[in-house]
Amino acid sequence: MNLYNLIIQDKEEVTLDDVFLDSKNREQIVQLIKENTYSKELQEYGLPVNNKVLLEGNSGCGKTMTAKAIANALGKSIIILNLSNIVSSRIGETSQNIKMIFDKAARERSVLFLDELDQIGKARGSDDKDVGEMRRLVNTLIQLIDYYPKNALLLCATNHPEIIDTALIRRFQLKINYTMPSNDFLDQFYDRLLSKFPEDVRSLERKYGISFAEAKDYTFTVVKGNLIRKLEGKHEISS
């Protein structure tokens, strides 16, 4: 398995203003960006710079968008890996390939984003040999995180932090929690999405208790339907 083929190619330009964050999360992320911007100056005073960050919580609430926005703010490229796609039956090969990606990110000083970190824990089976192999994979990941250079940034994401090996969790200097948005927060999100479209296609029954990603997909589906009906009406009149 060639892990380079599994790097997610995503050229979407995302700024921090594009990410809907509560005030606490936004404050932590702005601080993270500033620390990594002024890392040399901070390190001159012996101050450690947070460069190993865990984004945890509900799916569709902005973890991947946050990673892209951080990379953009720092003027760095981003390497995105979904760990659910790379656990090979040949565990040794998986460990070697993960090391190659860590080396690539360190060499290029990129932002390395590992999505679905919990897959490392979930991949442990009941077979003793399999458990042993997976433990060696976790140990490899721990070592890579421990020796990750200070001038590079590692972001990991998980929907299930409770099943991740505790030794892995301890490696992260900063943990940022993402929760399902409140009704008021979703209303702000709907308002921003709908503001881009003509007023006569904005009509929709707002859904709550869903993630930002779900709200975005729902909004775009409804707006497209409204716009198509508007276009069809114009076509019927002209014909």
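The structure this text deals with has already been given above.
Residues numbered from 1 in each chain as written. Predicted model: local features only at pLDDT ≥ 70, side-chain atom pairs only at ≥ 80, totals over all residues. Heavy atoms only, no water.

Within the chain, the regular secondary structure consists of nine helices and five strands. Starting at the N terminus, the α and β elements of the chain follow one another as α-α-β-α-β-α-β-α-α-β-α-β-α-α. A burial count over the chain gives 44% of its 239 residues as buried. Contacts spanning at least 24 positions in sequence make up 77% of the contacts within the chain whose residues lie at least 6 apart. Taken as a whole, the chain presents about 13300 Å² of accessible surface, with 48% of it coming from carbon and sulfur. (Helix = DSSP H or I, 4+ residues; strand = E, 2+ residues; numbered from the N terminus. Buried < 20%, exposed > 50% of the residue type's maximum accessible area, 1.4 Å probe, protein only. Contact = heavy atoms within 4.5 Å. Areas by Shrake-Rupley, 256 points an atom, 1.4 Å probe, with all protein chains shown as cover.)

Here we take up the sheet that holds strand E4 (residues 153-158). Backbone hydrogen bonds are what pair the strands of a sheet, in a parallel or an antiparallel way. Ordered by their spatial adjacency, five strands build an open sheet running E2-E3-E4-E1-E5, and the pairing between neighbours is parallel. Single-partner strands in this sheet number two, and they are strand E2 (78-82) and strand E5 (174-178). Here the strands of the sheet are splayed against their neighbours by 15° on average, with no regard to which way each runs. Relative to E4, strand E1 (residues 52-57) runs parallel, the two being bridged by five bridges. Bridge assignment links Glu56 to a residue of E4, and that residue is Thr158. Helix-sheet contacts for helix H1 (residues 23-37) involve E1, E4 and E5, and the interaxial angle to E5 is about 145°. Along the sheet face, helix H3 (residues 63-74) touches E1, E2, strand E3 (111-115), E4 and E5 and points at about 170° away from the line of E4. (Pairing = 2+ DSSP bridges. Axes fitted to C-alpha atoms, helices over the stretch in contact; angles between N-to-C directions.)

To continue, consider the environment of Pro48. Structurally, Pro48 can be placed in the loop between helix H2 (39-44) and E1. Considering only alpha carbons, one finds Pro48 and Lys150, 102 residues apart in sequence, at a separation of 8.8 Å.

Judged by nonpolar contacts, the single largest core of 30 residues is most densely connected at Phe102, Leu112, Leu114 and Leu141. Counting only elements with at least two residues in this core, the list comes to E2, helix H4 (91-108), E3, helix H6 (128-146), E4 and helix H7 (166-169). Ignoring sequence-local partners within four residues, the contact set of Leu141 consists of Ile98, Phe102, Leu114, Leu117, Ile120 and Leu168. Counting residues in hydrophobic clusters, the runner-up holds 24 residues, among them Leu32, Cys61, Leu153 and Ile176. (Core = buried A, V, L, I, M, F, W, Y, C linked by side-chain atoms within 4.5 Å.)

Before going further, it helps to spend a moment on the side chain of Glu35. Within the secondary structure, Glu35 sits in helix H1. Look at Glu35: it is buried, it has no salt bridge, and the nearest opposite charge is Lys34 at 11 Å. Sequence-distant contacts of Glu35, that is, excluding residues within four places in its chain, are made with Leu42, Pro48, Val49 and Asn50. (Lys, Arg positive; Asp, Glu negative; His and termini not counted. Salt bridge = Lys/Arg side-chain N within 4 Å of Asp/Glu carboxyl O.)

Across the five residues that make up E3, a large majority, five, are buried. Here E3 shows two buried faces, one formed by Val111, Phe113 and Asp115 and the other by Leu112 and Leu114. Strand direction decides the pairing type here: E2 and E3, joined by five bridges, are parallel. Bridge assignment links Asn82 to a residue of E3, and that residue is Asp115.

Scanning the model with the defined rule gives eight aromatic pairs in all. When the ring of Phe185 is compared with that of Phe212, the centres are 5.6 Å apart and the planes differ by 75°; the resulting orientation is edge-to-face. Of the two residues, Phe185 sits in helix H8 (residues 183-194) while Phe212 sits in helix H9 (residues 212-238), which places them 27 residues apart along the sequence. For the pair Phe185 and Phe212, one class covers both residues: buried. Among the aromatic residues, those joined into a ring-pair cluster are Phe20, Phe185, Phe189 and Phe212. (Phe/Tyr/Trp six-rings, centres within 6.5 Å; stacked < 30°, edge-to-face > 60°.)

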